[in-house]
Amino acid sequence: MDRVLIVDDEKGMRDFLSIMLKKEGYAVVASESADKASELVGKGEFDLVISDIAMPGKSGIEILKQTKAANPDTPVIMITAYASTESAIEALKLGAYDYIIKPFDVEEMKTVVRNAIEKRRLENENRALKRELKEKLRFDEMIGDSPRMREVFDLIAKIAPTNSTVLISGESGTGKELVARAIHAKSPCKDRPFVSINCGALPDELLESELFGHARGSFTGAVTAKKGLFEVADGGTIFLDEIGDTTPAMQIKLLRVLQERRIRRVGGTDEIEVNVRVLAATNHDLEQLVRQKRFREDLYYRINVIQIRMPALREKPEDIPKLALHFLVKYGRIMGKKITRISEEAMRRLTDHDWPGNVRELENVIERAVALEATDAITADSLSREVRSGGRPAPEFAIVLSDGGIDLERQLERLREHYMEEALRRAQGIQTRAAEILGMSFRSFRYFAKKYRLTDRKEARANVG
Ligand SMILES: Nc1ncnc2c1ncn2[C@@H]1O[C@H](COP(=O)(O)OP(=O)(O)OP(=O)(O)O)[C@@H](O)[C@H]1O
Ligand SMILES: [Mg+2]
């Protein structure tokens, strides 16, 4: 049942709207002031909010703002007493779905309400479908045939059938979660649940109750008993993501589970046996955390039975073209666009880039390019700015010694020019800083900058942009 909140200081109006909307099949909550409604709205539990604009105390505009802050998808209909009010227009600007002028026609109100709720439903559905599609494509396949990735695939194939605990380490965006899912998918327990939890994202009490569950009445709000993820994953796999971010208190609790393979729900008395495969991931250097006494050594040895180290993207540049095309197909499908190629220039930029954010960053760049591209090929222009300007020197600086020989001085000049241009870009045009980046004196930087007309060039570009 769709839930509607009515905010109006006039009792007559509240009652009238309540009765009408209940008859229409909505669950209705009515509030006599914006102050009282604030609390309700903050929880974001309504499918529609209808609010009078002018009320004593806080105005309906406040309610509108709060509703949108709590949940931007909730439509808000404003009621106003005057035919042409500035506040009604303001409300629309602030994201109100529509406004209705008092006195209004019952049918008109019904229609506006119905449309608002229908629009929200469609939007939700759309989003859910997109998410589903994204999820589905997301774990389709792991791409890579670089030596480093082959090692990873071999290791996955070897350890998937075992029950060993695995530590997956690597920088952010290198595919750690993908590996965890692959291990589960290739294991004998593949038809049992795979549950994943980000241990770094929750405060201890919540994390504990998520992992181990809680008994009824164990804390305020625990009206029913709840299974924790260790129980939910029974017979399957639990993936403890960002395990390096856990607190010492949590680490002791995890150690106990790993040793005893039993858990106790928060506030509970019974020990429950769990039969789960544990996979853990971290983008920290856990050994270092152990040395710094920030991660328990005994827990480290428990989880580091087998370690899979995910290479950073810059360590496997030969995989970039394949990955890029994989994401091109994926986002082309999601966005319903027929983009079939990546231009040579664009691909060169992609393979030359440094990729601090690894595969996820590459994926985001391609997703964005697919969204922006109007032709059937991704061009260098539709890559994001960072990638477009490239990191390493272009291949024209590659060492190619043709039979006819080269003009070394000229090549060196070009190399200097290129680095200076790049340094200027990084330094946002500040020459002293650019000189510093290159370890040059400011005097010689200024001399060469003039010679190559680097600063003129920058201005010319700025004018165009
Ligand atoms: N080898 C690969 N083939 C295809 N897609 C990949 C590959 N590696 C990573 N990805 C994609 O890159 C994105 C990031 O991967 P994932 O979430 O597994 O990284 P992560 O290491 O867990 O990152 P974080 O540490 O930030 O959580 C995902 O969308 C994933 O599908
Ligand atoms: Mg991850």
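The rules we used
- Residues numbered from 1 in each chain as written.
- Chains lettered and ligands numbered in written order.
- Predicted model: local features only at pLDDT ≥ 70, side-chain atom pairs only at ≥ 80, totals over all residues.
- Heavy atoms only, no water.
- Axes fitted to C-alpha atoms, helices over the stretch in contact; angles between N-to-C directions.
- Helix = DSSP H or I, 4+ residues; strand = E, 2+ residues; numbered from the N terminus.
- Parallel < 35°, antiparallel > 145°, perpendicular 65-115°, else oblique.
- Left-handed = near helix turned anticlockwise from the far one by under 90°.
- Contact = heavy atoms within 4.5 Å.
- Nonpolar A, V, L, I, M, F, W, Y, C, P; charged D, E, K, R; others polar.
- Pairing = 2+ DSSP bridges.
- Expected span 1.5 Å × (residues − 1).
- Buried < 20%, exposed > 50% of the residue type's maximum accessible area, 1.4 Å probe, protein only.
- Arc of directions from axis to C-beta.
- Salt bridge = Lys/Arg side-chain N within 4 Å of Asp/Glu carboxyl O.
- Core = buried A, V, L, I, M, F, W, Y, C linked by side-chain atoms within 4.5 Å.
- Phe/Tyr/Trp six-rings, centres within 6.5 Å; stacked < 30°, edge-to-face > 60°.
- Lys NZ or Arg CZ within 6 Å of the ring centre and 35° of its normal.
- Near = heavy atom within 4 Å.
- Polar contact = N/O pair within 3.5 Å; in protein donor to acceptor, adjacent residues only side chain to side chain.
- Areas by Shrake-Rupley, 256 points an atom, 1.4 Å probe, with all protein chains shown as cover.
- Domains from an automatic or database assignment.
- Lys, Arg positive; Asp, Glu negative; His and termini not counted.
- pLDDT = per-residue confidence, 0-100.

## Description of the packing of helix α13 (residues 320-335) against helix α14 (residues 344-352)
Phase 1: α14 packs onto α13 with a crossing angle of 120° between their chain directions and a minimal axis gap of 9 Å. It follows from the interaxial angle that α13 and α14 lie oblique. Between α13 and α14 lies a crossing whose hand is right-handed. Note on element contacts: α14 touches α13 through M347, L350 and T351, opposite I320, P321, A324 and L325.
Phase 2: Of the residues belonging to the contact of α13 with α14, the class tally is 6 nonpolar, 1 polar and no charged.

## As for the sheet that holds strand β14 (residues 306-309)
Phase 1: With parallel pairing, 5 strands are arranged side by side in an open sheet as β7-β10-β13-β6-β14. Each of the sheet's edge strands pairs with one partner strand only, and the pair in question is β7 (194-198) and β14. Going from strand to strand, the sheet's axes swing by 20° on average, the running direction of each strand aside.
Phase 2: Contacts between helix α6 (residues 147-159) and the sheet are confined to β6 (166-169), β13 (277-282) and β14, with β14 contributing the most and set at about 150° to the helix.

## What about the sheet that holds strand β3 (residues 48-52)?
The strands making up a sheet associate through hydrogen bonds between their backbones, and the pairing can be parallel or antiparallel.
Phase 1: Taken in spatial order, the 5 strands of this open sheet run β2-β1-β3-β4-β5, and their pairing is parallel. Both outer strands of the open sheet, β2 (27-31) and β5 (98-101), are each paired with one neighbouring strand and no more. Each adjacent strand pair in this sheet contributes to an overall mean axis angle of 20°, direction not counted.
Phase 2: Pairing of strand β1 (residues 3-7) with β2 involves 5 bridges; the strand directions are parallel.

## A word on helix α15 (residues 358-372)
Phase 1: With 15 residues, α15 extends 21 Å between its outermost C-alpha atoms, agreeing within 8% with the 21 Å of an ideal straight helix rising 1.5 Å per residue.
Phase 2: Those residues of α15 lying buried are N358, V359, L362, E363, V365, I366, A369 and V370. Projected down its long axis, α15 shows its buried positions confined to an angular sector of 160°, all on one face.
Phase 3: Considering only its buried residues, α15 is in contact with α13, β15 (341-342), α14, β16 (377-378) and α16 (385-389).

## A few points about the pattern of salt bridges
Once their charged atoms are close, side chains differing in charge can pair, the charge on each being opposite to the other.
Phase 1: As enumerated under the stated definition, the model contains 35 salt bridges in all.
Phase 2: Between D52 and K102 there is a salt bridge, and its shortest N-O distance comes to 3.6 Å. On the criterion of sequence distance, the pair formed by D52 in strand β3 and K102 in the loop between β5 and α5 (106-138) is long-range, its members being 50 residues apart.
Phase 3: Among the ionic pairs, D73 bridges to R127, the shortest N-O distance being 2.7 Å. Note that D73 is positioned in the loop between α3 (60-70) and β4 (76-80) and R127 in helix α5, a separation of 54 residues in sequence.
Phase 4: Through salt bridges with shared partners, a single network forms among E24, E107, K110 and R114.

## Quick look at the nonpolar core
Across soluble globular proteins, nonpolar side chains show a tendency to be buried alongside one another.
Phase 1: Formed by 30 residues in total, the largest nonpolar core has its most connected members in L211, F230, I238, L240 and F295.
Phase 2: Among the elements that take part in this core, helix α10 (residues 248-260) stands out by supplying 5 residues, more than any other.
Phase 3: For L240, the contacting residues outside a window of four places in its chain are I197, C199, L211, L254, V278, L279, A280 and A281.
Phase 4: Listed in part, the 25 residues of the second largest apolar core include I320, L323, V365 and V370.

## Some points on the packing of aromatic side chains
Phase 1: Per the stated rule, a full pass over the model turns up 6 aromatic pairs.
Phase 2: Aromatic side chains F448 and Y452 sit 5.9 Å apart centroid to centroid with 25° between the ring planes, which places their arrangement in the stacked category.
Phase 3: Following the ring pairs from residue to residue traces out a cluster consisting of Y447, F448 and Y452.
Phase 4: Lying over the aromatic face of F448, R416 brings its terminal NZ or CZ to 3.8 Å of the ring centre.

## Regarding the site of ligand 1
Phase 1: Near ligand 1, the surroundings consist of 21 residues, among which I143, S172, K176, R360 and E363 are the closest.
Phase 2: I143 has a polar backbone atom sitting 2.9 Å from a nitrogen atom of ligand 1.
Phase 3: Note that an oxygen atom of ligand 1 is positioned 2.6 Å from one of the side-chain N or O atoms of E363.
Phase 4: The fraction of the free accessible surface of ligand 1 (630 Å²) that becomes covered by protein chains is 94%.
Phase 5: Only α7 (176-185), α13 and α15 provide two or more residues apiece to the shell around ligand 1.
Phase 6: Counted by class, the shell around ligand 1 contains 7 nonpolar, 6 polar and 8 charged residues.
Phase 7: The residue makeup of the shell around ligand 1 includes at least three contributed by each of domain 2 (154-310) and domain 3 (314-389).

## Points about the domain arrangement of the protein chain
Phase 1: Domain parsing of the protein chain yields domain 1 (3-126), domain 2 (154-310), domain 3 (314-389) and domain 4 (398-464).
Phase 2: Domain 1 and domain 3 are separated by 44 Å when their C-alpha centres are compared.

## Quick look at the side chain of K316
Phase 1: Turning to its location among the elements, K316 is positioned in the loop between β14 and α13.
Phase 2: It is D319 that comes nearest to the buried, bridge-free K316 among opposite-charge side chains, at 4.5 Å.

## Observations regarding unusual backbone geometry
Phase 1: In this structure, P103 follows K102 across a cis peptide bond, with omega equal to -10°.
Phase 2: With respect to the helices and strands, P103 occurs in the loop between β5 and α5.
Phase 3: The phi dihedral of N358 falls on the positive side, at around 60°, and the residue is not glycine.
Phase 4: Inspection of the secondary structure puts N358 in helix α15.
Phase 5: Its relative accessible area of 0% is what places N358 among the buried residues.

## Thoughts on the confidence of the model for the protein chain
Parts of the model with low pLDDT should not have their predicted coordinates read in detail.
Phase 1: Chain-level pLDDT for the protein chain is 88 on average; 93% of the residues reach the 70-or-more range.
Phase 2: The lowest-confidence element of the protein chain is helix α20 (residues 454-464), averaging 51 in pLDDT; the highest-confidence one is β6, averaging 98.
Phase 3: The low-confidence segment residues 392-396 (pLDDT under 50) makes 14 contacts with residues lying over four places distant or belonging to another chain.
Phase 4: Overall, residues 458-465 carries pLDDT values under 50, and its contacts beyond four positions in sequence, including any with other chains, amount to 2 contacts.

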